[in-house]
Amino acid sequence: MALVGNLKDLKLPNLIQLNCMEKNESKLTIEHSGKYGSIYFQNGQIVHAEFDPDIGKEALFRLLGLDDGKFKVEIAVRPPIVSITDNWSNLMLEGLHQFDTLHSSDTAKEKKIISMLLNVKGVKRAAFVTMDGDPLYAAFDDRESFRSAAFSIYEIDRISRLLHLDEVKLISLVINKIRVVLSKIGQDITYIEFDARHQLDTILPYVERILTGDA
Amino acid sequence: MDDRLQNILTLDSVEGVVILSHTGEMLNRKGLDQYKSEMPELTKRLMRVITLYRNYKWPVKEIEIVWRDTRIIGIADEIFILLAFCRNNASFPLIRMTLNVSLAAIKADRKTQKMLKKMKNVKVNHLRTGDLDEWEINLISKLL
């Protein structure tokens, strides 16, 4: 029988520890904001993790950043591949250290939002950009996109004033199979790229929750 | 074209429909009488965004601008931009679908074909430096 629950009640490090100490051959599946991640255990070690689009340690570290989401542990499930060979306790220390560092720096808020956005299904890239189009916090460097985003927000702000509307909540542009979603937070811009197959109405509630801090 | 735009306007919570050419000319408008005088400025700003992406990235196929109570839903191709102004309680999938069908029908219309022939050689630079303010020029210059 599978063990099911929510990470709010049972933290991921505890679940990992339990599976490793018990030397379970098992699969731990986590669902967060419509996106699925998995961690596989074998012989008391973490042997594989995946969390779209990452696999291995990167996926595991991103999963360790989740404090909410449904989980399921299934016993006697073999890993499809072995992508992790480090000792599980070292991995936990490294992952939790990364998470702490992320949340203690000056841009902790931006980093946390980006980290949460990257966990939403369909999100390919996300960044915080200044109104000058420079990256404030971004895991990638695409100045053309950032400056186009700043320019777009500037023009739409002018339209808001012109029509006597409140501040624009977000702008969505579909270009070349990508949906670019731009939103203003204070004086900065959140830049999010989705696979264009994901409909705006489906992703909007998740994005709004994260950006307003309700997630 | 008139009938097609009128059909979109009959959808629940749609307050107006506008069709623009790639030159930024407003070809037709239904509803939105309260914004009549603001339309040229709105068109100019919107065309800048669309042109920017076309010039520096890829052509924009859809644009949606979401405010608290209002949303503009637009679909674009190489010739037209069809925009629906709606309240935020509208059925957005239905509006998007209707816009797509309407744009295809408008393009196939004989009158539109004649209009397209006339427009064929008209080129307008929506990002001409003389029309932009300092901030816009600064951002654009970084893209070159």
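Residues numbered from 1 in each chain as written. Chains lettered and ligands numbered in written order. Predicted model: local features only at pLDDT ≥ 70, side-chain atom pairs only at ≥ 80, totals over all residues. Heavy atoms only, no water.

Caption draft 1: Representation of the nonpolar core within the structure. One finds A:I156, A:L182, A:Y191, B:I65, B:L83 and B:F85 to be the most contacted residues of the largest nonpolar core, which totals 50 residues. If we skip the residues at most four places from it in the chain, A:Y191 touches A:R125, A:A126, A:A127, A:V129, A:F140, A:S145, A:F146, A:A149, A:V180, A:V181 and A:L182. Core analysis: the second largest hydrophobic core is formed by 24 residues, A:L15, A:F61, A:L63 and A:I84 among them. (Core = buried A, V, L, I, M, F, W, Y, C linked by side-chain atoms within 4.5 Å. Buried < 20%, exposed > 50% of the residue type's maximum accessible area, 1.4 Å probe, protein only. Contact = heavy atoms within 4.5 Å.)

Caption draft 2: Local environment of the pairing of strand β2 (residues 26-31) of chain B. Residues and elements named next belong to chain B. Relative to β2, strand β1 (residues 14-21) is paired through five bridges, and the arrangement is antiparallel. Across the sheet, the residue bridging to I19 is N28, located in β2. Taking the residues between adjacent antiparallel strands as the criterion, β1 and β2 are bridged by four residues, where G24 takes a positive phi near 90°. (Pairing = 2+ DSSP bridges. Helix = DSSP H or I, 4+ residues; strand = E, 2+ residues; numbered from the N terminus.)

Caption draft 3: Up close: the packing of aromatic side chains. Enumeration over the complete set of coordinates arrives at four aromatic pairs over all chains. Relative to A:Y191, the ring of A:F140 has its centre 6.3 Å away and its plane inclined at 50°; by these criteria the two rings are tilted. Linking A:F140 in the loop between β8 (135-138) and α5 (143-162) with A:Y191 in strand β11 (residues 188-195), this pair joins segments that are 51 residues apart in sequence. Of the residues examined, A:F140 reaches a relative accessible area of 15% and is grouped as buried. On the accessibility criterion, A:Y191 (2% relative accessible area) is buried. Each ring, one from A:F146 and one from A:Y191, has its centre 5.7 Å from the other, and the planes form 80°; the classification is edge-to-face. Here A:F146 is found in helix α5, whereas its partner A:Y191 is found in strand β11, with 45 residues between them in sequence. Exposure class is identical for A:F146 and A:Y191. Each is buried. Through successive ring pairs, a cluster of aromatic residues spans A:F140, A:F146 and A:Y191. Positioned above the aromatic ring of A:Y154, the side-chain terminus of A:R158 is 4.0 Å from the ring centre. Seen from the ring of B:F92, B:R71 lies directly overhead, with NZ or CZ sitting 3.7 Å from the centre. (Phe/Tyr/Trp six-rings, centres within 6.5 Å; stacked < 30°, edge-to-face > 60°. Lys NZ or Arg CZ within 6 Å of the ring centre and 35° of its normal.)

Caption draft 4: Quick peek at a nonpolar patch on the surface. On the surface, A:L3, A:L10 and A:L18 cluster together to form a nonpolar patch covering roughly 220 Å² of accessible area. Owing to a relative accessible area of 31%, A:L10 belongs among the partly exposed residues under this scheme. (Patch = residues over 30% accessible without salt bridge, like charges linked within 9 Å, V, L, I, M, F, W, Y side chains within 5 Å. Areas by Shrake-Rupley, 256 points an atom, 1.4 Å probe, with all protein chains shown as cover. Salt bridge = Lys/Arg side-chain N within 4 Å of Asp/Glu carboxyl O.)

Caption draft 5: Just the interface of chain B and chain A, in detail. Between chain B and chain A, the residue contacts involve 37 residues of the former and 39 residues of the latter. Summing the contributions of chain B and of chain A, the shared interface buries around 3,700 Å²; its carbon and sulfur component is 64%. There are five salt bridges connecting chain B and chain A. Two residues, B:E62 and A:R179, come together in a salt bridge whose shortest N-O distance is 3.8 Å. Every element with two or more residues in the side of chain B that touches chain A is listed here: α2 (39-56), β3 (60-66), β4 (70-76), α3 (92-108) and α5 (134-143) of chain B. Broken down by element, the residue count for the side of chain B that touches chain A peaks at nine residues, all from α2(B). Tallied by class, the residues present in the side of chain B that touches chain A amount to 22 nonpolar, one polar and 14 charged. Bridge count between strand β9 (residues 170-175) of chain A and β3(B): six bridges; the pairing is antiparallel. The residue of β3(B) that forms the bridge with A:L170 is B:V66. (Buried area = accessible area lost by both parts, 1.4 Å probe. Nonpolar A, V, L, I, M, F, W, Y, C, P; charged D, E, K, R; others polar.)

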